[in-house]
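Structure at a glance
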Amino acid sequence: MTGPLEGIRVVDLTRARSGPTCVRQLADLGADVEQVADPRSGDIAGSDSANLQRNKRSVALDLHHPDGLAAFLALTDRADVFVENMRPSVKHRLGIGPEVLLDRNPRLVYASISGFGQTGPYADRGGLDQ
């Protein structure tokens, strides 16, 4: 079966509950989702993995290593959508903030999920629940 998002390429760099739940909806609607896992910590395990990561392909990339970052950037260069749920300081420290990815791929939809916003006094607090 196909869905309304068939042909849309999504790069998923989310963890915990909120991000994987969001991207799962895109995958369920037919988007081609590439979930990027951190090889140092792995992916969500158990039944949560089957639920949250269904209909997604997965690749392990270490974004702290130049080769891993280059592979990640190549994925986002040809993606339609990128979804992350990192604290703002983390994505900027990794060099994958919106200004970097949108400069490389101006048509990219850059989606940030956060518990406390991208700016303001609580922006660097983690908030990953559903």
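Heads up: the structure comes first, above all this text.
The present account deals with the structure reproduced in this document.

1. Re unusual backbone geometry
- The backbone phi angle of Ala 16 is positive, close to 65 degrees, even though this residue is not glycine.
- For Ala 16, the position within the fold is in the loop between strand 1 (9-13) and helix 1 (18-28).
- At Asn 55, a residue that is not glycine, the phi angle is positive and equals roughly 65 degrees.
- You can see Asn 55 is positioned in the loop between helix 2 (47-52) and strand 3 (56-60).

2. Thoughts on the pattern of salt bridges
- A full pass over the atoms with the stated rule returns 8 salt bridges.
- In this structure, the salt-bridge partner of Glu 34 is Arg 57, at a minimum N-O distance of 2.5 Å. Residue Glu 34 is located in strand 2 (residues 32-37), and its partner Arg 57 is located in strand 3; the two are separated by 23 residues in the primary sequence.
- According to the relative accessible area criterion, Glu 34 is buried, its value standing at 11%.
- In this structure Arg 57 comes out as partly exposed when scored by relative accessible area, which is 41%.
- A salt bridge links Arg 40 to Asp 38, with the shortest nitrogen-to-oxygen separation between them at 2.9 Å.

Conventions and cut-offs
- Residues numbered from 1 in each chain as written.
- Predicted model: local features only at pLDDT ≥ 70, side-chain atom pairs only at ≥ 80, totals over all residues.
- Heavy atoms only, no water.
- Helix = DSSP H or I, 4+ residues; strand = E, 2+ residues; numbered from the N terminus.
- Salt bridge = Lys/Arg side-chain N within 4 Å of Asp/Glu carboxyl O.
- Buried < 20%, exposed > 50% of the residue type's maximum accessible area, 1.4 Å probe, protein only.

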